[in-house]
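Spelled out from the first residue to the last, the chains are:
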Amino acid sequence: MPRQGNGTYQQPANTAAIPSTPIGSGAYNTLITDLGNEITNSLDRGGRSAMTAALPMGGQKITGMADPTVAADGATKNYVDTTTAAFFSTGDVKLTLKNVADPGWVIFNNGTIGSAASGASSRANADTQALFTLLFNNTTDTWVPILTSGGGATTRAAQVSASAAWAANCRIFLPQTLGRTLAIAGANGGPNGVYALAETWGSETASLVTANLPPYTPAGTIGNVSVSSTSSNVATYNGNIGLAAGGNSTPSVAFSGSTITSTGSGPIFTGTAQGGTSAAFQIMQPTTFLNAMVKL
């Protein structure tokens with residue numbers, strides 16, 4: 001008979017060896033046939049035949065496998081780890097709805113990273129060294145500052161190198177991303193020229209100033225000008241009123257007591273009120289907020 005459903009072998013009846021008792025040929029042949037069938041159905045270590053059903057492992061390992069070379073090969077842990085590790089490398093960023101970083105990642109939270117003795121706020125662990133080094137070398141003090149282990153400000157120039165800063169247990173800020181739209185660094189040909197890696201820019205609101213306004217001609221009316229004048233001109237000759245007649249002398253004429261008085265009101269401009277309170281206005285684009293994490 002074949003193996004039982006649980007895989008154990010049960011010897012056929014009347015085939016047990018009993019001293020001084022012969023075994024019938026029928027029972028013996030049944031035993032030999034049964035054993036032959038079960039040997040055939042067993043795994044052949046030489047791989048000369050294929051499995052005829054799924055092989056349950058019962059929670060046990062398959063050990064000593066080679067890495068796969070074709071699509072139907074089984075994959076070793078080493079192969080899987082090596083392949084998936086190539087999907088992301090230090091400094092790669094992915095968006096997520098998770099609140100906790102995946103193993104080997106750290107959530108952007110405007111905090112710092114560093115060694116276990118650095119006092120970093122986001123992650124203080126030896127596994128941050130690769131990201132620490134990348135940030136030290138690829139960004140500037142302006143956008144990604146460095147702090148000493150005591151929290152005091154320092155610079156890349158003062159620390160000389162990433163390895164020296166790490167050995168001194170410095171902590172470095174993650175790029176400031178909270179509440180910001182992500183964009184691509186580099187030259188864009190726009191008014192701001194080149195955007196540095198990890199640079200932050202822009203504002204959620206703006207207040208208009210005169211330079212932001214379009215040309216505008218106020219509407220209104222100007223009132224009439226009202227002016228009244230009085231004058232008094234008196235001519236005199238040699239101190240006498242009037243002019244001398246005859247003779248060849250040139251008369252001396254003077255105007256005395258000349259006065260001009262003008263009174264009136266100037267033009268009055270009556271404009272149309274335009275309203276407004278100079279309050280800042282919202283300039284943020286329609287946005288959905290997610291978390292982001294960076295590969296250590």
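Just so it is clear, the model here is predicted, and its values are computed rather than measured.

Next up on the list: the confidence of the model for the protein chain. Per-chain confidence: the protein chain averages 81 in pLDDT, with 78% of residues scoring 70 or above. Below a pLDDT of 50 lies the segment residues 241–256, which in the model reaches 21 contacts outside its immediate sequence neighbourhood of four places, other chains included.

All right, on to the environment of threonine 30 then. Counting through the fold element by element, threonine 30 comes out in helix H1 (residues 25–40). On the basis of relative accessibility, which here comes to 40%, the residue threonine 30 falls in the partly exposed class. Side-chain polar atoms of threonine 30 contact the backbone oxygen of glycine 26, separated by 2.9 Å.

Glancing now at the nonpolar core. Judged by nonpolar contacts, the single largest core of 19 residues is most densely connected at Ile113, Leu131, Phe132, Leu135, Ile172 and Leu174. Those elements giving two or more residues to this core turn out to be helix H3 (129–138), helix H5 (162–167) and strand E17 (291–295). Of all the elements, H3 adds the most residues to this core, at four residues.

Evaluation of the coordinates by the stated rule reveals five salt bridges. Lysine 77 is the salt-bridge partner of aspartate 81, the closest N and O atoms lying 2.6 Å from each other. Of this pair, aspartate 81 and lysine 77 both sit in helix H2 (residues 77–85), four residues apart, which is roughly one turn of that helix. Via salt bridges that share partners, Lys94, Lys98 and Asp102 belong to a single interconnected network.

Here we come to H1. With 16 residues, H1 should reach 22 Å at 1.5 Å per residue; the first-to-last C-alpha distance of 22 Å fits that figure. Taken together, the buried positions of H1 are occupied by Ala27, Leu31, Asp34 and Glu38. Looking down the long axis of H1, one finds its buried residues gathered within 70° of arc, a one-sided arrangement. Residues of H1 that are exposed and point more than 90 degrees away from the buried face comprise Ser25, Ile39 and Thr40.

On the basis of which strands lie adjacent, the open sheet formed by three strands has the order E1-E17-E2 and antiparallel pairing. Of all the strands in the sheet, the pair left with one neighbour each is strand E1 (93–96) and strand E2 (105–107). Between one strand axis and the next, the sheet turns by 30° as a mean value, whatever way the strands run. Strand direction decides the pairing type here: E1 and E17, joined by four bridges, are antiparallel. Note that in E17 the partner of threonine 96 across the bridge is asparagine 291.

Looking at the largest pocket, its volume works out to about 1,100 Å³. Along its surface, the largest pocket is lined by 33 residues, and Arg180, Thr181, Leu182, Ala183 and Glu199 are the ones closest to its centre. Residues belonging to the lining of the largest pocket are distributed by class as follows: 19 nonpolar, 11 polar and three charged.

To continue, consider the environment of glycine 193. Checked against the element boundaries, glycine 193 lands in the loop between strand E8 (186–187) and strand E9 (194–195). Overall, glycine 193 belongs to the partly exposed group, its relative accessible area being 28%. Sequence-distant contacts of glycine 193, that is, excluding residues within four places in its chain, are made with Gly186, Ala187 and Asn188.

Our focus in this paragraph is a nonpolar patch on the surface. There is a patch of nonpolar side chains on the surface, built from Leu43, Met51, Leu55, Met57, Ile62 and Met65 and spanning about 600 Å² of accessible area. Within the fold, isoleucine 62 resides in the loop between H1 and H2.

This paragraph deals with H3. Among the residues making up H3, those that are buried are Leu131, Phe132, Leu135 and Phe136. Take H3 and look down its axis: the buried residues cluster within an arc of 135°, on one side only.

Turning our attention to the packing of aromatic side chains. All chains considered together, the criterion is met by three aromatic pairs. Seen from their ring centres, tyrosine 195 and tryptophan 201 are 6.0 Å apart, and the 80° between their planes marks the pair as edge-to-face. We classify tyrosine 195 as partly exposed; its relative accessible area is 21%. One Lys or Arg, lysine 94, reaches over the ring of phenylalanine 88 and ends 5.4 Å from the middle of that ring. Over the ring of phenylalanine 136 we find arginine 156, and its NZ or CZ is 5.5 Å from the ring centre.

Rules used throughout
- Residues numbered from 1 in each chain as written.
- Predicted model: local features only at pLDDT ≥ 70, side-chain atom pairs only at ≥ 80, totals over all residues.
- Heavy atoms only, no water.
- pLDDT = per-residue confidence, 0-100.
- Contact = heavy atoms within 4.5 Å.
- Helix = DSSP H or I, 4+ residues; strand = E, 2+ residues; numbered from the N terminus.
- Buried < 20%, exposed > 50% of the residue type's maximum accessible area, 1.4 Å probe, protein only.
- Polar contact = N/O pair within 3.5 Å; in protein donor to acceptor, adjacent residues only side chain to side chain.
- Core = buried A, V, L, I, M, F, W, Y, C linked by side-chain atoms within 4.5 Å.
- Salt bridge = Lys/Arg side-chain N within 4 Å of Asp/Glu carboxyl O.
- Expected span 1.5 Å × (residues − 1).
- Arc of directions from axis to C-beta.
- Pairing = 2+ DSSP bridges.
- Axes fitted to C-alpha atoms, helices over the stretch in contact; angles between N-to-C directions.
- 1 Å grid on protein atoms, 1.4 Å probe; cavity = no way out; pocket = protein on both sides within 12 Å on 5 of 7 lines; lining within 4 Å.
- Points joined across faces, edges and corners; volume = space filled by probe spheres on them.
- Nonpolar A, V, L, I, M, F, W, Y, C, P; charged D, E, K, R; others polar.
- Patch = residues over 30% accessible without salt bridge, like charges linked within 9 Å, V, L, I, M, F, W, Y side chains within 5 Å.
- Areas by Shrake-Rupley, 256 points an atom, 1.4 Å probe, with all protein chains shown as cover.
- Phe/Tyr/Trp six-rings, centres within 6.5 Å; stacked < 30°, edge-to-face > 60°.
- Lys NZ or Arg CZ within 6 Å of the ring centre and 35° of its normal.

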